[in-house]
Amino acid sequence: MANASPHARPSARRLDPLALVISLTAADSGLSRRGMLALQRLRQRQLETIDRSRGAFVKVQPRSEPPLLDLGAIGRDSPLTGDYHSLIVLELVTDFPERGSELRAMLDARRHGLDAKNLADALWQNDGGEAFKSAAAKHSLDPHLLAGTLWAALKPLYESVAAAVIRHFEVPSGANECPVCGGLPWARSGDQLVCCVCETHWKGDLAGRSFRTSDGPQVVGATRLYDSVSGQRLVELDGALLAHAFDPGPLIELLQLLDKPV
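Being a predicted model, the structure only gives us computed values, none of them experimental.

*Asks:* Could you clarify how one ought to interpret the confidence of the model for the protein in this entry?
*Replies:* If pLDDT is low for a region, its predicted coordinates should not be looked at in detail. Looking at the protein as a whole, the pLDDT averages 90, with 94% of positions reaching at least 70. In this model, residues 1-12 is a region of pLDDT below 50 whose contacts with residues beyond four sequence positions or in other chains number 2 contacts.

Laid out in structure tokens, this is it:
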């Protein structure tokens, strides 16, 4: 006899792996329910950008020594930097309509002299904060919002170029920083470290560190660790999560900024 239950059988349910990763790594972020949904949609948009723009990024000449990539130059030289920024800003307008005027003002500023490519380079300069403050003041924008949206827009570019590079070059092992872009690890799984910028996985060496489990409740599959000497924090990820895991930290900061009451 057929099952007349209106509820789907467990075997018929499909768990969204991205939603699972976000629930495990960002549940304690303080984001509202709307903010958490926006985080998932923002990451989905980044992944769609990666998938739809394959091969249309920028010509890269890797360095001979790590880090192999100059992310500032990559963002500056890509012909798609402005388009990526527009896509992310319009996605955020949908999720935060009450901030629509503020967000669209950035797109309008780009039509009136705001140089997104130079700012993409400034993201990686020691004095880059001053460049954002100056540009934002000139166009009456929030420098933190400007930097946050540009970072969110360029992350798919960084990830895509890094993935292309490691298909053709051997990634050195043993470093505590990402050998591809120089980013710090945000997670580890076994002896694999995961870059917080380009999400490259590499075999690192943290033998000199003394990581302990952070205080408070922990989630199975995404244990939070800290090094009592350096203060470095990592997430210990289950290997099954690696394919969909990403560092949500910068996106959470951007969404917290947008989710504040106007």
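*Asks:* What should I look at first to understand the sheet that holds strand β5 (residues 222-227) in this one?
*Replies:* Backbone hydrogen bonds are what pair the strands of a sheet, in a parallel or an antiparallel way. Pairing is mixed in the open sheet, where 6 strands are placed in the order β3-β2-β1-β6-β5-β4. Only two strands of the sheet have a single neighbouring strand rather than two, namely β3 (201-203) and β4 (211-213). Across this sheet, the average inter-strand angle for adjacent strands is 35 degrees, counted without regard to direction. Examined bridge by bridge, β5 and strand β6 (residues 233-237) share 5 bridges and lie antiparallel to one another. Residue pairing for β6: Arg 224 is matched across the bridge by Val 235. Its contacts with the sheet put helix α1 (residues 17-25) on β1 (185-189), β5 and β6, and the angle it makes with β5 is roughly 40 degrees.

*Asks:* Which parts of the structure should I look at to understand unusual backbone geometry?
*Replies:* Among all residues save glycine, negative phi is the norm, and among peptide bonds the norm is trans. Cis geometry marks the peptide bond from Pro 66 to Pro 67, where omega comes out at -5 degrees. Relative to the helices and strands, Pro 67 resides in the loop between α2 (33-52) and α3 (71-77). Although it is not a glycine, Ser 140 adopts a positive phi angle of roughly 55 degrees. In this fold, Ser 140 is placed in the loop between α7 (128-138) and α8 (143-168).

*Asks:* Hey, could you run me through the packing of aromatic side chains in this one?
*Replies:* The relative placement of two aromatic rings is captured by the distance of their centres and the angle of their planes. Counted by the stated rule, this structure contains 3 aromatic pairs. Centre to centre, the rings of Trp 124 and Trp 151 are 5.9 Å apart; their planes meet at 50 degrees, and the pair counts as tilted. With Trp 124 in the loop between α6 (116-122) and α7 and Trp 151 in helix α8, this residue pair connects regions lying 27 residues apart in the sequence. Ring plane angle 55 degrees and centroid distance 6.1 Å describe the contact between Trp 151 and Tyr 158, whose orientation is recorded as tilted. By the burial criterion, Trp 151 is buried, and Tyr 158 matches it. Each member of the aromatic cluster is reached from another via a ring pair, and the members are Trp 124, Trp 151 and Tyr 158.

The rules behind each value
- Along each chain, numbering runs from 1 in the same order as the chain's sequence is written.
- Totals for whole chains, interfaces and linings use every residue, but because this is a predicted model, local features are given only for residues with pLDDT of at least 70 and side-chain atom pairs only at 80 or more, for both listing and counting.
- Side-chain calculation: all heavy atoms of the structure are included, whereas hydrogens and water are not.
- Residue-level confidence of the predictor, termed pLDDT, takes values from 0 up to 100.
- Note on contacts: a residue pair qualifies if any of its non-hydrogen atoms lie within 4.5 Å across the two residues.
- Whether two strands pair comes down to DSSP finding at least two bridges between them.
- Numbered from the N terminus, helices here are DSSP runs of H or I no shorter than four residues, and strands are runs of E no shorter than two.
- A fitted line through C-alpha atoms represents every axis, and for helices the fit uses only the stretch in contact; the resulting angles, taken between N-to-C directions, go from 0 to 180 degrees.
- Note on aromatic contacts: the rings of Phe and Tyr and the six-membered ring of Trp form a pair at centre separations within 6.5 Å, being stacked when their planes are under 30 degrees apart, edge-to-face when over 60 apart, and tilted otherwise.
- Each residue is assigned to one of three classes by its accessible area relative to the maximum for its type, calculated with a 1.4 Å probe on protein chains only: buried under 20%, partly exposed between the two thresholds, exposed over 50%.

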